[in-house]
Amino acid sequence: MLEIKNLKARIGDAEILNGLSLLVNPGEVHAIMGPNGSGKSTLALVLAGHEDYVVTEGSVLFMGRNLLELDPEERARMGIFLGFQYPVEIAGVNNAYLLKAALNARRRELGETEVDAFEFLKLAREKMALLDMDPALLNRGVNEGFSGGEKKRNEVLQMAVLEPRLAILDETDSGLDIDALKAVANGVNSLRDPEHAIVLVTHYQRLLDYVEPDFVHVLSDGRIIRSGDKSLALQLEEKGYDWAREAANA
Amino acid sequence: MSPSTIDTELLEQAVEKLPADALMPQRKQALTQFAATGFPTTRHEDWKYTNLAPAIELSNLWLREAARGLPELAVSPSVREYAGNLAAGIDAHWLVIANGLYRGNLQDGALEEARGISLPGLEIASIASDDVARSMAASDAMTHFNTALLRDALHVRIDADHEPDKPLGLLVIDDASAGATVSQARVVIEAGPMSRAQIIEYHASVGRHEHFANVVTELDIAQNAKIDYLRIQDRDRSHFQIGRLRATLGRDATLHHSALDLGGALIRNDVIAEIAAPGAGVELYGLYLADGTQHIDNHTRVDHKVGPANSREEYRGILSDEARCVFNGKAIVHSDADGTDAHQANHNLLLSDKAEIDTKPELEIYADDVKCSHGATVGQLDKAALFYLRSRGLDHAEAARVLTRAFAAAIVARTRIGNARSHIENLIDRRLEELVGGSL
């Protein structure tokens, strides 16, 4: 589904990704872990098409297409979803409006009929219940005045409604209390099936107790230095990222 | 004769050609006062950014004709059509002023050319010379120009305690299809004590020739009266307009004014509110959308002569291409106005790096016990928000439209005239489509 080869990217003069390769197949859950500044968020933003990042080398194929030549909106419609680490507040743009517009943009791409207001509301309420979210948040401005936890749940709500082929969640677990973490994990697990793939970008092992990854990768200096199964996350938790770096250098 | 001054000789001749009616003494007096100053120039602090040379040139051109006497023109089918469409869009008691002449009201969308129409609780008549005399005291050069050439105007009186069943609409429309024209419109509105009314002043123009409208509105709000006022300006993109609203508020009276500027080539609006008795409240909101080489200048002035009284002001602008806009909001708190609470804000969104805004919220405070604040911002579309929306599948243009609409919505939400809401939302959407489309 997603095939990243030797990806190099920079922002301004800073090289952030330095020859990253990764293969994600349908049905898989990958966790990408690494210390601050290792390039985790950059990878997520490059895949979503953020224009501040310039790809200098390498290739990214998604569903067989060259992802790097597509606009962010084209990627979204093809089924790539980025759950932002810091979701923006957009005053005056209704949360329900955005969610419905996003869903219909995706459905048009799939050749499906657009949902009407009634169908949309039913779907949104159902997914909100799954995430234990206050339905009133639907009628607020996008993330406007939301708490940190509400913003993260809102990201997962969008993901749950859009059912993307590939969901990339960038530190969606950070700053959440245990109830919010479980609710978010619920939402993520609801997407899990043989058709969909999930990439969890995370700093800590905590979320992985609730969403069990098939693969764990350690990112350091813009490259994957080690990959393994879920036990790697536990080892990292115990031994720290320096251990992984030293092991890679040895 | 420099090209950027009014030819007063022609003006004098044009005044002489007007009917020798009761307004004549005022015209002549205004002519003398106007001749002493002429149009304001950019050397004048309040006109620093707005050069009236195109309006002056057009006026001189038109005065050459007017000096020979102007033909009486019938209301054209395109004006009737415009009025009919407007009446279908906004349910109101519509009165029509076409090319400066009061032409009657709209009945079921059709123009009834009867004068002195009657609506319960309202008295609608041609302006009397004493109205003009009264408003001369606090006049500026443009009002003098208006008075000197005044042929007709409208006087609306709202009875004490009365609340009309729907808004009162004033369609100020100008027809420039037969040739270049200049028009002077004049409206005096008196809201009696305890009356409540919603008033829509709607500016439009049709026709491809040049046009310059000079509009003067006087609004007298008696004690405890509450007026919701909405001014919409949607003139042809090649036309000029100078408009001035002067409102006086009695004890515990309120004025809630919102303004929407969409069209015109050269537009200047002045709103002057005078708080003359304690307990009054003034709220001024405005939205201007400009692209191409449009120039839209909004000047407001709230005179807090006594306190306690409140004023609130927020104007927002969205500019694209090489548009240039001006905002100047002045609150003057006079020495007897203790207890004044005045706040002003102006926010601008620039969609192009060639667009320009000159903004200046101003406070002049001569009293001690006051609460005042002001602020202005100028910015571009939020890149992070744009990316966020695009990452959800909205294309670039749609994302930009959504964000500009949200920016504008803060002012639209202020409008109290529910009957006009969907109409103005449509106007804004249509205009934003053009502004955003041109900026991408």
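Residues numbered from 1 in each chain as written. Chains lettered and ligands numbered in written order. Predicted model: local features only at pLDDT ≥ 70, side-chain atom pairs only at ≥ 80, totals over all residues.

A. Just the overall build of chain B, in detail. When helices and strands are tallied, chain B shows nine helices and 21 strands. Here the C-alpha atoms of chain B give a radius of gyration of 21 Å, agreeing with the 22 Å that 2.2 N^0.38 yields for 440 residues. Principal axes of the C-alpha set define a box for chain B whose edges measure 70 × 50 × 50 Å. Across the 440 residues of chain B, 52% fall into the buried class. Of all intrachain contacts in chain B linking residues separated by at least 6 positions in sequence, the fraction that spans at least 24 positions is 83%. (Helix = DSSP H or I, 4+ residues; strand = E, 2+ residues; numbered from the N terminus. Rg over C-alpha atoms; globule rule 2.2 N^0.38 Å. Buried ≥ 20, exposed ≤ 12 C-beta atoms within 10 Å, placed from the backbone. Contact = placed C-beta atoms within 7 Å.)

B. View of the pairing of strand S15 (residues 281-290) of chain B. Residues and elements named next belong to chain B. For S15, the tally of buried residues reaches nine of 10 residues, placing the bulk of the element in the interior. Summarising the sheet, strand S13 (residues 254-261) and S15 pair through eight bridges and their orientation is parallel. Following the sheet pairing, Ala259 is matched in S15 by Gly286. Pairing of S15 with strand S17 (residues 309-319), which is carried by 10 bridges, proceeds in the parallel orientation. When the sheet's bridge partners are listed, Tyr288 is paired in S17 with Gly317. (Pairing = 2+ DSSP bridges.)

C. Summary view of unusual backbone geometry. For the bond running from Gly307 of chain B to Pro308 of chain B, omega is -5°, close enough to zero to count as cis. Its location among the elements puts Pro308 of chain B in the loop between strand S16 (295-304) and S17. The residue Asp221 of chain A is not glycine, and still its phi comes out positive at about 50°.

D. View of the sheet that holds strand S11 (residues 215-220) of chain A. All names here are of chain A. Pairing in this open sheet of six strands is mixed, and the strands run S6-S9-S10-S3-S11-S12 from one edge to the other. Each end of this open sheet is capped by a strand with a single partner; those strands are strand S6 (80-83) and strand S12 (223-228). Here the strands of the sheet are splayed against their neighbours by 20° on average, with no regard to which way each runs. Relative to S11, strand S3 (residues 29-33) runs parallel, the two being bridged by four bridges. In the sheet register, Met33 faces S11, and the bridge partner there is Val218. (Axes fitted to C-alpha atoms, helices over the stretch in contact; angles between N-to-C directions.)

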